[in-house]
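One letter stands for each residue in the lines below.
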Amino acid sequence: MKRAFSFGDKSIEPAVSRVNAVRSVAVIGAGTMGQGIAIDLLQKTDCEVILLDVQPEALKRAEGMLSSLWGRQIKGMQIREEDAKALTARTKYTQSYDDLKGADIIWEVATERSEIKAKIFETIENTVDPERIAAVFSNTSSHTTAELAVLFKSEAFREKFLTVHGYFPFEANRLIDVMQGKYASTETFNFGVVFADQILEKTVIALPVDHHGYITDPVFQAMGAVVSWDIRTGQDIVELGGLWELFTANPFTVLDQTGHMPYTESSRHMGKALPKTDRLRGIYNRDGKHYPDWIARLEKEGRIGVNSPSRNGFYAWSDGRRPKLEGVLDPSTSKYVPIGEISRKEFWSYYEAAERDRRAGKIKSAESLVYVACSDDAGGRAFRRYALPICLYALDLIQDRLATPGQINVSTRAGLRFKVGLVEVLDALISHLTIDGVLELARRARDENADDPHTVAMLDVDGEVGPRKGIPCLLHEMKKRNFKRLLGYGKFFRTPVAQLDLDTGEYKGCYLDMKFVEPSSRDRVCSIVFNNPLRGNVWNRAALDQLAHAYNRVLMLHREGRCGGVLFSAAGSGMRMLGADAREFNRGWFEREKGYVPLGEAEAAAFTRRGMSLFRLIQESPVATVGVFGEKWGGGAEFNYFLDLRYDVRAEGFIFDTLDRKTTWQPKNTYNQPELDYAILGGFGAAGELLRLGLGDSVIFEVFDQGMTADRAYQVGLSNGVFDEELEALRRGYERARLMAKDAPYSRALFKHQLSRGTDDEALAKETGEIFNPKKNPFISTGLLALLDRGARAPKMDYACLDTELPGWRYPADNGMVDMDSADESSAQGAASEDA
C-alpha cells in the first residue's frame, strides 16, 4: 500500500504515523541496486525520489534505464502515458548533496568500502538537519549497523541510522532485512520495519541484534566463496557451482548479474571483521587472501559481469536486454570456453535426484537433497564439502540466538529463492538420518577432507577444532532436549508453519506467505494478511497450511476470550488476491517442450477437499470475519464468499473491448471467476456459495462469464462496502470487525448455526429458551445488564469459552500442525491419495 496501517498494534502507531508523512526519499548510488530501489519507490509510493551519484554517467544510465522501463510498461499497457510522465516528474537526478535537505529518508546504496561510506555520511551530517529526517538507511551487504553508525559523529544521526538491505533484483525480490544495532532507537527501528513491510511490500527479516551480512547475505556469499577456492577450470564453475542449482541457482551466474563488487568488497570486509566464533570466517582468509587470485584478476581487468563493457565475468554474456550465457571462464587460461554439461558419470546423484523428483511430481525436494547428501559420487562429496558447512552455520545462528529457525528458512526461501529452505533441509536430514546420523554425516565429510584444515574446521560438530572450538554444535543440545525438528509443519501438506523457540521448547507460528497480528486486549481483533504480493497472493499448498495454522491460533485465542473477530486482507498495491497457483496444476516442473503433465484425480480432489474443510471451519466458527480486498480472481474470490462481510477497494486498469477491438482505461472487475475459460471449475465452491449468499442464477452467470466491479457487487448484495482508498477500507473493515467482536460468543455461535441450518420454527423456540439459561449461556447476565440498566456502566464481559459448550460448534482438537513424530514418511501427495 502507499500508506501504512497499524492493524490495532498500538506499539507501532507512532511509526505508522511517521511513515505516512514521508514525502521524499533520496537514494545515494545510481548503480544496479540504486536503480532497483528507485523503481520500487516510484511504483509503490507517491514520493519524490532523488537519485544521487557523483558520476554523471551513472545518473545518465539510470535515467535511460528508468525511461526505457516506463516506455515498456506503456507498450505493455501496464501504465498510461500520463502515469509515465508523473513518474518522471517525481524523479530527480543530482550530484549535489544539497538536494537531500528536504528528504525524509536517505538510503545509501553506494559501496561496501568503509572509507567511502565515511565520506558519504560526513557529507550527509554536514548537509541534512537530523531533526527533520526520519531515518538514514544503508544497503550494506556485510557491515553491522554499529560499524557504520559510528561513522556519524552526531548521536542524533546514530539514533536514526539502520541497515536496510534488499536483494537482487530489488524491485522483483520479496526479501528485505532491517537491522537495528546498538545505536538506533526503537522508534527508528519500528519506522524501518513498517516502511519496508507495508510501503515496499517486502517480506521483512527484522533483526534487533547486529550480525555481519544479516542472515541471507552470509549464506549467499558462502555459496560462492566455499566453492571458489577449488575452481581450476570452467567445468568446475559449472559442476561445483551447479551443486547450488539443486537448491536455487548457480551463484556465479547471479554474481555476474549483480556485479562482482559487492561480493569482493564483502569478502574483504568479512575476512577482517567476522567474529572469531564464525564457522565460515576461514573461507575469507586463506594464505592472506580474501578470495582467490582468479577472481582478483577478473576484478582488475573489469570483467565483473553482464553490465561491464565487455559483458564478461564468470561467464560470457550475449548482447541485448535479456542476455544469455555464451561461454564460461576457464581460470587457467582466462579465456571463455563452451559451457559443458555436468558429468553424468561423476555427478550421477544430481541426475538421479532430479529423476526421483520427476517421478514423485516434486521440484527440488528435500528428499532429493538428502539423497545427494548421502551419495558416494562427486555430487555427494560436493554436498558434504560445500553445502553441509552452510547447514551447520545455520545451526550456529540459531544456537547463538542471532536468528530463529523461521527467519533462516524464510530468508533462504524468499531472498535466495531456495525451493526448499535451509532449515527444511536440516529437518529432512534429521528425519531421514536421526540427529546421530547427521552428526556422523558431518564426521564422514570431515574425514573425506582431512587434508584440508579449513574444511575440517567448518565441518566440526563436536567443538574440537576451528572457530567453534569449545562450542559443540546445536545438534547435541537438540538430542539432549529431545527436539527432532526445528520447524513445525502444516497438517495438510507438511509445509512449514511454525518454528521452534529454543528457550521455551514450543513451536510458534512463522509464515512465509502470511502475516498474523495478535489482537489487542481492547479490540480483540486478529489480522491475517496474505503476504506474497509479487505472486498475487495465490492459493497453493503452503498457503492452505499457513492459513489453517493461523486460524487455529485465532480459535485458541477465541476460546480464551481474547479474540472475537478477524480482519482478512492482502498485501500489495491494490490488495490483489489471485486464485489457485497454476504451477501446482502441473505434476512437477512445467516444461514447455513436454507440455502439461496432469495431476492425478485423487491429488486434485484432495486439494479441494482440504481447502473446503478449512473455509467451512472459518465460515462456521463463532468468530466474526471481515475481508478487505481489491481484485479477486478464482480462489481469491471464493475465499471471500465464506466470510461474514466483504469490503471492496475499487480497481482501475486497461480493459480490452473484444467488440470494438480497442483497449481503454476504466474500472476493473474485483470479482472474477475465469475457471470455465481454462477448462476447470471453481474448486473452492463458488457456485454453491454464491447461491447461499442469495444471488440468482443470472447474477452468478455474470460473475463467471464477465466478472463484477466493486460497485456492481455492492448493487447485487455481494459486497458490503466499496472504497477508493486502501487505507480507508482497512480502517472501516477493522472497525467493523472490532464492533462485531463484541458479540457474545454463545449468541454468535447459535446465530451462525441457524444460518447454516435454515428455517426450523420448533428448533428456534427451543434455542430461544436455552439462550436465557445462564448455565448454558453464561454471557446472558452481562449482556442483558447493558440493555436493562442503561444508566449504569455495563460490567465488562468475560468472553472466555473454556468451560462453555457453544451450540453447533466444537473447537478443533489439533493445533494446526501435523504430528511429525507419529506421522509416516509418505509425502503430502501420498497423503492426498489416502484422503481420496
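If you're wondering where the values come from, they're calculated on a predicted model, not measured in any experiment.

1. A short note on the overall build of the chain
In terms of helices and strands, the chain carries 31 helices and 24 strands. Relative to its length of 836 residues, the chain is compact, with a C-alpha radius of gyration of 28 Å against a globular reference of 28 Å. Taking the principal axes of the C-alpha coordinates as reference, the chain spans close to 90 × 60 × 60 Å. By the burial criterion, 56% of the 836 residues in the chain qualify as buried. Intrachain contacts of the chain at a sequence separation of at least 6 include 70% that bridge at least 24 residues.

2. A closer look at the packing of aromatic side chains
The tally for this structure, following the rule as stated, stands at 35 aromatic pairs. Each ring, one from Phe-252 and one from Phe-314, has its centre 4.9 Å from the other, and the planes form 70°; the classification is edge-to-face. Note that Phe-252 is positioned in helix H11 (residues 251–258) and Phe-314 in the loop between helix H13 (293–300) and strand E9 (315–317), a separation of 62 residues in sequence. Here the aromatic residues Phe-492, Phe-493, Phe-530, Trp-539, Tyr-551, Phe-568, Phe-607, Phe-615, Phe-629, Phe-639, Phe-642 and Phe-684 are joined through ring pairs into a cluster of three or more. It is Arg-485 that lies over the ring of Tyr-507; its NZ or CZ is 4.7 Å from the centre.

3. Some points on the sheet that holds strand E4 (residues 105–108)
Judged by pairing direction, the sheet is mixed, and its 8 strands sit side by side in the order E3-E2-E1-E4-E5-E6-E7-E8 without closing on themselves. The two strands at the open ends of the sheet, each matched to only one other strand, are strand E3 (91–94) and strand E8 (203–207). Mean inter-strand twist for the sheet, computed between neighbouring axes without regard to direction, equals 20°. Here 3 bridges tie strand E5 (residues 135–138) to strand E6 (residues 161–166), and the two strands are oriented parallel to one another. Bridge assignment links Val-136 to a residue of E6, and that residue is Phe-161.

4. Considerations on helix H29 (residues 761–771)
Within the span of H29, buried status applies to Ala-763, Glu-767, Glu-770 and Ile-771. Down the axis of H29, the buried set is contained in an arc of 95°. They therefore lie on one face. Facing away from the buried side of H29, by more than 90 degrees, are the exposed residues Asp-761 and Glu-762. Where H29 is buried, its residues touch helix H28 (745–757) and helix H30 (780–788).

5. Considering the packing of helix H15 (residues 366–373) against helix H18 (residues 422–448)
In a packed pair of helices, the relevant descriptors are the angle between the two axes and the axis-to-axis distance. For the pair H15 and H18, the least separation of the axes is 8 Å and the interaxial angle reads 25°. One way to sum up the angle between H15 and H18 is to call them roughly parallel. Like other packed secondary-structure pairs, H15 and H18 cross with a definite hand, here right-handed. Contacts between H15 and H18 involve Ala-366, Glu-367, Leu-369, Val-370 and Ala-373 from the first element and Glu-424, Val-425, Ala-428, Leu-429, His-432 and Leu-441 from the second. Considering only residue class, the contact of H15 with H18 consists of 8 nonpolar, 1 polar and 2 charged.

6. A short note on unusual backbone geometry
Note the cis peptide between Phe-168 and Pro-169, where omega equals -15°. One can find Pro-169 in the loop between E6 and strand E7 (175–179). With a phi close to 50°, Phe-7 is a non-glycine residue in the positive phi region. Of the residues examined, Phe-7 reaches a relative accessible area of 9% and is grouped as buried.

7. Concerning the pairing of strand E15 (residues 514–517)
Taking every second residue as pointing to the same face, both faces of E15 are buried, with Met-514 and Phe-516 on one and Lys-515 and Val-517 on the other. By the bridge criterion, 4 bridges tie E15 to strand E16 (residues 525–530) in an arrangement that is antiparallel. Within E16, the residue paired with Phe-516 across the bridge is Ile-528.

8. Considering the environment of Arg-113
With respect to the element layout, Arg-113 can be found in the loop between E4 and helix H5 (114–127). The exposure class assigned to Arg-113 is partly exposed, which follows from its relative accessible area of 36%. Separated by 156 residues in sequence, Arg-113 and His-269 have C-alpha atoms that sit 8.1 Å apart. Those residues in contact with Arg-113, other than ones at most four positions away along the chain, are Glu-265 and Arg-268.

9. Quick word on the pattern of salt bridges
Under the definition given, this model contains 67 salt bridges. For the salt bridge of Glu-355 with Arg-358, the shortest nitrogen-to-oxygen distance reads 2.7 Å. Residue Glu-355 and its partner Arg-358 are located together in helix H14 (residues 348–360), separated by 3 residues, close to a single helical turn. Taking relative accessible area as the criterion, Glu-355 reaches 26% and is therefore assigned partly exposed. Members of the salt-bridge network, linked through shared partners, are Glu-352, Glu-355, Arg-356, Arg-358 and Arg-359.

10. A few points about the confidence of the model for the chain
For the chain, mean pLDDT is 94; residues scoring 70 or higher make up 98% of the total. With pLDDT under 50 throughout, residues 824–836 is counted as low confidence; its partners more than four residues away or in other chains account for 24 contacts.

11. What to know about the sheet that holds strand E11 (residues 335–337)
Each strand in a sheet pairs with another by means of backbone hydrogen bonds, the pair being arranged parallel or else antiparallel. The 3 strands lie next to each other as E9-E10-E11, forming an open sheet whose pairing is antiparallel. One side of each edge strand has no neighbouring strand; the edge strands of this open sheet are E9 and E11. On average, adjacent strands in this sheet sit at an angle of 40° to one another, irrespective of strand direction. In this sheet, strand E10 (residues 325–330) lies alongside E9 in antiparallel orientation, the contact comprising 3 bridges. Looking at E10, one finds that Tyr-315 is bridged to Val-328.

12. Describing helix H25 (residues 697–705)
What sets the pattern is the α-helix's 3.6 residues per turn: residues three or four places apart point alike. Among the residues making up H25, those that are buried are Val-699, Ile-700, Glu-702, Val-703 and Phe-704. Here the buried face of H25 lies against helix H23 (635–641), strand E23 (671–672), helix H24 (686–692) and helix H26 (710–716). Gly-707 occupies a position one or two residues after H25 and carries a positive phi of about 80°.

13. Side note on the pairing of E16
Extensive coverage of E16 is indicated by the burial of 6 of its 6 residues. Sheet topology note: the E16/strand E17 (residues 565–570) ladder contains 6 bridges and is parallel. The residue of E17 that forms the bridge with Phe-530 is Ala-570. Once you follow E16 into helix H21 (residues 541–559) and on to E17, the crossover reads as right-handed.

Calculation criteria
- Residues numbered from 1 in each chain as written.
- Predicted model: local features only at pLDDT ≥ 70, side-chain atom pairs only at ≥ 80, totals over all residues.
- Heavy atoms only, no water.
- Helix = DSSP H or I, 4+ residues; strand = E, 2+ residues; numbered from the N terminus.
- Rg over C-alpha atoms; globule rule 2.2 N^0.38 Å.
- Buried < 20%, exposed > 50% of the residue type's maximum accessible area, 1.4 Å probe, protein only.
- Contact = heavy atoms within 4.5 Å.
- Phe/Tyr/Trp six-rings, centres within 6.5 Å; stacked < 30°, edge-to-face > 60°.
- Lys NZ or Arg CZ within 6 Å of the ring centre and 35° of its normal.
- Pairing = 2+ DSSP bridges.
- Axes fitted to C-alpha atoms, helices over the stretch in contact; angles between N-to-C directions.
- Arc of directions from axis to C-beta.
- Parallel < 35°, antiparallel > 145°, perpendicular 65-115°, else oblique.
- Left-handed = near helix turned anticlockwise from the far one by under 90°.
- Nonpolar A, V, L, I, M, F, W, Y, C, P; charged D, E, K, R; others polar.
- Salt bridge = Lys/Arg side-chain N within 4 Å of Asp/Glu carboxyl O.
- pLDDT = per-residue confidence, 0-100.
- Right-handed = clockwise from strand over helix to strand, strands pointing away.

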